[in-house]
Amino acid sequence: MTQYLPTQLAAPLPPAFAQQGADAMARYLAYIQLINRYTPGEIDREGIDKLTAFGEVF
């Protein structure tokens, strides 16, 4: 599983889903940029759910 799962998750999507995959990657990278603005102390003190939509309805 430790080899199969990451490999399959990183595999290219079928062409019909390429745009959705690219959109999802862009949103994920924007989310990572947002998270990186906070220090671990801020995240611990405020809670990730108050700083982002993580754990909430999107």
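This structure is a prediction, so every number in the text was calculated from the model and none was measured.

Cut-off values and rules
- Residues numbered from 1 in each chain as written.
- Predicted model: local features only at pLDDT ≥ 70, side-chain atom pairs only at ≥ 80, totals over all residues.
- Heavy atoms only, no water.
- Helix = DSSP H or I, 4+ residues; strand = E, 2+ residues; numbered from the N terminus.
- Buried < 20%, exposed > 50% of the residue type's maximum accessible area, 1.4 Å probe, protein only.
- Areas by Shrake-Rupley, 256 points an atom, 1.4 Å probe, with all protein chains shown as cover.
- pLDDT = per-residue confidence, 0-100.

When helices and strands are counted, the protein shows four helices and zero strands. Going from N to C terminus, the protein has its helices and strands arranged as α-α-α-α. When each of the 58 residues of the protein is scored for burial, the buried share is 7%. Total accessible area on the protein is roughly 5,200 Å²; 63% of this is exposed by carbon and sulfur atoms.

Another point: the confidence of the model for the protein. Mean pLDDT over the protein works out to 77, with 72% of the residues at or above the 70 mark. Per-element confidence in the protein is highest for helix α2 (residues 18–36), whose mean pLDDT is 87, and lowest for helix α4 (residues 48–51), whose mean pLDDT is 67.

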